Amino acid sequence: MSTTNIILCGVGGQGTVLASKLTAAASMAKNLDVRSAETIGMAQRGGSVMSYLRIGECASPLIKSGCADIIIGFEPAETVRVLNYLKNGGTVITSDRAMMPVTAALQGSDYEGAKMTDFLKSLEGDRIGKLVIVNTDEALRDLGSAKVLNMVLLGAAARGGFLGEVGIEDIKEALVKKVKPQFHELNFKALEYASV
Amino acid sequence: MHKEFVMGNEAIGKACMAAGVQVVAGYPGTPSTEVLETIAKENDGSIYVEWSVNEKAALEVAAGASYSGARTLVTMKQVGLNVASDPLMSLEYIGVEGGMVVLVADDPGPISSQTEQDTRTFAEYSKLPCFDPSDAKEAYDMIFEAYELSEKYKTPVFMRPTTRVCHSYQSIDVRDYAEYEDHRPDGFVKDSSRWVIFPKLSYVNHAKIEERNAGLSDEFSSNVRNAVTAGTVRKGIVAQGISYANVKDILDEASAQGRDVPSLLKISTPFPFPEKLACDFLKSVDEVLVIEELDPYIERHLVYVCGRAGLNVSIKGKITGDVAPSGENLPDLVQKYISGFMGWESASSDAVKTPELPVRPPVLCAGCPHRASFYAVKKAMKGKETIFAGDIGCYTLGNAMPLDMVDTCLCMGAGLGIAQGVGRVKPDTKCFAFVGDSTFFASAITGVVNAVYNQADMTLIVLDNSTTAMTGHQPHPGTGHTMMGEFTDKIDIENILRGIGVGTVVRQDPFKLDEAVETVKRVADEPGVKAIIFEAPCAVLFKPETPYEIDLDKCVDCKMCIREIGCPGVVLKDGRVAIDEALCNGCGLCSQICPCGAIGKAVKE
Ligand SMILES: Cc1ncc(C[n+]2csc(CCOP(=O)(O)OP(=O)(O)O)c2C)c(N)n1
Ligand code: SF4
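From a predicted model like this one, the values you see are computed outputs, not experimental measurements.

**Student:** Explain the overall build of chain A residue by residue, including any values.
**Tutor:** Looking only at helices and strands, chain A features eight helices and six strands. Starting at the N terminus and walking to the C terminus, you meet the elements of chain A as β-α-β-β-β-α-β-α-α-β-α-α-α-α. For 196 residues, the compact-globule estimate of 2.2 N^0.38 gives 16 Å, and chain A sits close to it at 16 Å. When contacts within chain A are restricted to residue pairs at least 6 apart in sequence, those whose partners lie at least 24 apart make up 63%.

Next up, the structure:
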C-alpha cells in the first residue's frame, strides 16, 4: 500500500493542528494507519509551524524532501518555505493572505503576499502539478467567519482528491464527531467553498 | 483494546495509568509536559498527580511513594534530570519497592532546550536501566515492561523518548479501562537497614547493582525490541528512536526498488547495553554505520564490543565524523548518510530557489506583560552601567530587538547568582536579575538567600504572570490550584522575600508605564538586595480587552511604537502603522509610548 504524505504549514495559532487531526480521524475511520508530527513549543509564539501527516504504512512521522504529495499552506510565505518537501508535480493549496512578522515591521519592510503567490504561479504545471490559491479575505468575508480558513483549505484538498483514500465525505463525518453541532453548518460551507 | 490516535506523550501517560500507577509527580518542560497532563486529565481521582515545585522535589515525592510499594512515575525534560540527579544517584543505591519509571524527555536539535545532553549516557553513569522508544506504540508497550523490570530488580527505570517521539501522533492499540492493572500497596514498612543510606550499605548495594546490570545486559540481548532485520549484504546499520524509524522507511523503499540493503539493528534498551546481541550482529557484517542522535552512545559500545571480542569490523558514526555530532537526524540527512554508506547515487527532486522569506523568530505575544516590565526597566536605567541577568521562560524572549533586555541566560534560577557575580567584579554596575514566578519557586529562592546573606547589591525583578507560561500554562505554588483540581492558599512571593530579609519589596503593575519607570528608578537606587514584583497575568490566559487603533490623522509616522517595543500587534499596512485587531489584546502599552497621542482604544461602531 502506498503512503499519502501531507504537509500543513502556517503561523502559530492558524488552526493547522485541527485540520491535521480531522484528516487523521477520517483516515482512522477507514482503518488506515496514520502518523503525524507537529512543532510544539517556542515556535508557537508567532513562529512558523508545520505538521507532517502520513496516511498508510510507514515507520516515521517525518517526510523527506521531494516526497510530499500535497502541501496545504495557511500563509503564502510559509507555503514557499516548505516547497522543497513537494514531490515533482505535487499539489499546493494555499491561502494568499500574508501574515507580517514583527521583524519585518521593525525593518520597515512591507512583506507582500502577492510576491509569494506569483512565485508559486511561476512553478505551476512544472514543479507544482496543481496549484490552488485561495483568496482568503474574500472567502472569510463570504463565509462570515474569520475562523474557518483551515476548513476552506482542507475542503479543497479533499474535494480535489489529493488526500489519498480520504475524501470529502470522510472529512465531514470526522468533523461531525469533533466539532460542536452549532458550527457544523458553517464548517460544511467552508469545506465546499473553494473551487478546485 | 481499542484504537486511538495519540501523541507519544499521551501514549506514555495512558500506559502508566493502565499499568496501575498511583503517584505521579513532575515539573513541566518541553518535550515531556503532556505525559503528566494526560494522566491529570483522565484521572478519576484514584491517582495522585502533582506538579512539584521542581524535579528534585518530584523525584523525592515519588521515591517515598515507591518505598511504600506504589507504582510511581516522575516526569521531566532532560535538564530537569540535572536538578533531580542528587536524589536519583542515591536512590539507585537504595532501590524501590513499588515500580518507578523516571520519564526523561531528551531534545535533539535542541528544539526547545539549553543542552543536547543524552539521558542514555546518564543512565550508564547512574547505573539505571534505560528504555528508548522509537514511536508512540513502542513507548506504550514498553511502559508495562519498565514497571515489571523495576519491581523485579527493585530499581528505578529510565524511559527516555526524544522530542519527535514525544510529539508525534500515531494510531495505536490501547487498553480498555477494564484491562487496567491494580497494584494497590500496603504502605511503608519500616526497615532502617534498607531505607537509610550509609557507606556500608552503599558498598554492599553497589556490588549488587553491578552484578544485576551484567545480568540485565544478557536479558536485554534477548529482548525482542532490540530487533534485527536481516539485509542482503555484509553491511549493517545500528539505530535507535526516531532515527531508527527514518532509517527503516528509507531501507524499505530501497528494498522495494530492488536494491541491496544492509542489516538493521535497533537498540531500544541502551543500558545495560545488550552486548551479546551486538556481538552477534557485528559478526554478520564487515562494516557498520551507527545512526543515533545526541551522544555517540551506541557507537562507543560497539567499538568496545569489537575490542573485547577481537572483531575486525569498521564502525562508523559520530566519532568517525560520518554522522553529524549535534542536531537531529531528519530523514533527508539519514538518506544522505545511508546513500553514502551504501554507495547509492542520490535521487532527489528539483530543489527550488525561493525568493527571500520573512524570518519569524519567536516573540513575546501581543499584550505580554513581560514586554512592559522590560521596557520600564530599560527606560529607567537608560545611560547607566547595568547587567540584566535573564532566566528561563517566555521572558528569555526579552533578548530580542528592540527590547534587548537579556544579557545572560544559563539555566533555571541562575540569573540571581550571575547578577551577584558580575557585581563582585565591578561593584558600580547596577545588577538586575529577572525571574519568572514559576522559576522563582523552582530554583531562585536559594539565590535570594545567598544574596541577602552575603550582602550583595542587586535588584531582583520577579515577573509574576500567574502561570508557568513557556511550557503551556501549568499551575505552580503561587497560583492557588493543584493538578488534583483543588484550590489552595497561594504562596505569596512578597512574603517569601520579606521573610528572607529583602528590605524593599514593591509590587507594581507593569502596564502603568510612567509609574513603573519611577518605581524602578527609586528601588534600584537603594542599597543591598531589593525586589520589584511586576504583577500582570499572561496575555494568553485572559480574554482580550477592546483592541486599540491608530488615528492616522494624528500619527506622524515616527514609528516609535514599532521601534521601541516590537509588539506583533503593531504592523505596517500600505506603508503606515496599523494595529492588527486580531492580535491586539488591548494592553495599551503602545498608547503610552506614542508621542502624539495617536493610539487609543477602538470605538465600537
Ligand atoms: C531544570 C529545568 N526544568 C524545566 C525547564 C523547562 N522550563 C523552561 S521555562 C520554564 C518555566 C517558566 O515559567 P516562568 O518562570 O513562570 O516564566 P514564564 O514562562 O511564565 O514567563 C520551565 C519549567 C527547564 N528549562 N529547566
Ligand atoms: S504566553 Fe504569556 S508570558 Fe508567554 S509570551 Fe505570551 S503573554 Fe507573554
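That shown, we press on.
**Student:** Help me get a handle on the domain arrangement of chain B, residues and values and all.
**Tutor:** Here chain B is partitioned into domain 1 (2–197), domain 2 (228–342), domain 3 (369–535) and domain 4 (548–601). Its C-alpha centre places domain 2 of chain B at a distance of 56 Å from the equivalent point of domain 4 of chain B.

**Student:** Would you mind going over the nonpolar core in detail, with residue names and values included?
**Tutor:** All names here are of chain B. Counting residues in hydrophobic clusters, the biggest one holds 77 residues, and the most contacted among them are Val377, Phe432, Phe434, Phe440, Leu460, Leu497 and Phe534. Residue assignment places this core across two domains, with domain 3 (369–535) and domain 4 (548–601) each supplying three or more. With sequence-adjacent residues up to four places away left out, Phe534 is seen in contact with Ser373, Ala376, Val377, Ile461, Val462, Leu463, Asp464, Gln508, Pro510, Ala516 and Val520. Listed in part, the 44 residues of the second largest apolar core include Ala63, Leu91, Phe122 and Val290.

**Student:** I'd love a proper account of unusual backbone geometry, names of residues and values included.
**Tutor:** Negative phi values dominate among residues other than glycine, just as trans dominates among peptide bonds. All names here are of chain B. The linkage connecting Phe271 with the following residue, Pro272, adopts the cis geometry, with an omega of -10 degrees. Tracing the sequence through the fold places Pro272 in the loop between strand 11 (263–266) and helix 11 (275–283). Positive phi is not limited to glycine here, since Leu294 has a value of about 70 degrees. Residues other than glycine seldom take positive phi values, yet Ser466 does so here, at roughly 60 degrees. If you trace the backbone, Ser466 turns up in the loop between strand 16 (458–464) and helix 17 (493–500). With a relative accessible area of 40%, Ser466 lands in the partly exposed category.

**Student:** Describe the sheet that holds strand 3 (residues 48–51) of chain B, and please don't skip the residues or the numbers.
**Tutor:** Residues and elements named next belong to chain B. Taken in spatial order, the six strands line up as 3-2-4-5-7-6 in an open sheet, and their pairing is parallel. With partners counted over all chains shown, the strands left at the sheet margins are strand 3 and strand 6 (130–131), one partner each. The strands touched by helix 6 (residues 136–153) within the sheet are strand 4 (72–77), strand 5 (100–105), strand 6 and strand 7 (157–159), with strand 7 carrying the most contacts at an inclination of about 170 degrees.

**Student:** If you had to explain the environment of Val506 of chain B to someone new, which residues and values would you point to?
**Tutor:** Residues and elements named next belong to chain B. Structurally, Val506 can be placed in strand 17 (residues 504–508). Distance in space between the C-alpha atoms of Val506 and Ile461 is 9.8 Å, their sequence separation being 45 residues. Apart from the residues within four sequence positions on either side, Val506 is in contact with Thr519, Arg522, Val523, Ala531, Ile532 and Ile533.

**Student:** Please provide a residue-by-residue account of the environment of Val196 of chain A, values included.
**Tutor:** Residues and elements named next belong to chain A. Checked against the element boundaries, Val196 lands in the segment after helix 8 (184–193). Its relative accessible area of 41% is what places Val196 among the partly exposed residues. Residues Val196 and Thr136, spaced 60 residues apart in sequence, show a C-alpha to C-alpha distance of 15 Å. Discounting chain neighbours no more than four positions away, the residues touching Val196 are Lys130, Val132, Ala156, Arg159, Gly160 and Phe162.

**Student:** Can you explain the pattern of salt bridges? Please cite residues and give values.
**Tutor:** When charged atoms on two side chains of opposite charge get close, those side chains can pair. All chains considered together, the criterion is met by 49 salt bridges over all chains. Across the pair Glu253 of chain B and Lys64 of chain A runs a salt bridge, and its minimum N-O distance is 3.1 Å. Taken together, the positions of Glu253 of chain B in helix 10 (residues 241–256) and Lys64 of chain A in the loop between strand 3 (48–55) and strand 4 (68–73) put the pair across two chains. A residue is classified by how much of its surface remains accessible, and Glu253 of chain B, at 34% relative accessible area, is partly exposed. The shortest N-O distance in the salt bridge between Glu75 of chain A and Arg360 of chain B comes to 3.0 Å. Taken together, the residues span two chains, with Glu75 of chain A in the loop between strand 4 and helix 2 (76–81) and Arg360 of chain B in the loop between helix 13 (331–342) and helix 14 (369–380). Classification of Arg360 of chain B by relative accessible area gives buried; the value is 9%. It is possible to trace a salt-bridge network through shared partners that takes in Asp106, Asp118, Arg120, Asp132, Arg160 and Glu292 of chain B.

**Student:** Before we move on, could you go through the layout of surface pockets and cite the residues and values that matter?
**Tutor:** Within this model, the second largest pocket holds a volume of roughly 910 Å³. Every residue lining the second largest pocket is counted, 38 residues in all, and those nearest its centre are Glu57, Cys58, Ala59 and Ser60 of chain A together with Asp249 of chain B. Elements with a minimum of two residues in the lining of the second largest pocket: strand 2 (34–38) of chain A together with helix 6, strand 8 (168–174) and helix 10 of chain B. Among the elements that make up the lining of the second largest pocket, the one with the highest residue count is helix 10 of chain B (eight residues). Residue composition of the lining of the second largest pocket, grouped by class: 14 nonpolar, eight polar and 16 charged. Here the lining of the second largest pocket gathers at least three residues from each of two domains, domain 1 (2–197) and domain 2 (228–342) of chain B.

Parameters and conventions
- Residues numbered from 1 in each chain as written.
- Chains lettered and ligands numbered in written order.
- Predicted model: local features only at pLDDT ≥ 70, side-chain atom pairs only at ≥ 80, totals over all residues.
- Heavy atoms only, no water.
- Helix = DSSP H or I, 4+ residues; strand = E, 2+ residues; numbered from the N terminus.
- Rg over C-alpha atoms; globule rule 2.2 N^0.38 Å.
- Contact = heavy atoms within 4.5 Å.
- Domains from an automatic or database assignment.
- Core = buried A, V, L, I, M, F, W, Y, C linked by side-chain atoms within 4.5 Å.
- Buried < 20%, exposed > 50% of the residue type's maximum accessible area, 1.4 Å probe, protein only.
- Pairing = 2+ DSSP bridges.
- Axes fitted to C-alpha atoms, helices over the stretch in contact; angles between N-to-C directions.
- Salt bridge = Lys/Arg side-chain N within 4 Å of Asp/Glu carboxyl O.
- 1 Å grid on protein atoms, 1.4 Å probe; cavity = no way out; pocket = protein on both sides within 12 Å on 5 of 7 lines; lining within 4 Å.
- Points joined across faces, edges and corners; volume = space filled by probe spheres on them.
- Nonpolar A, V, L, I, M, F, W, Y, C, P; charged D, E, K, R; others polar.

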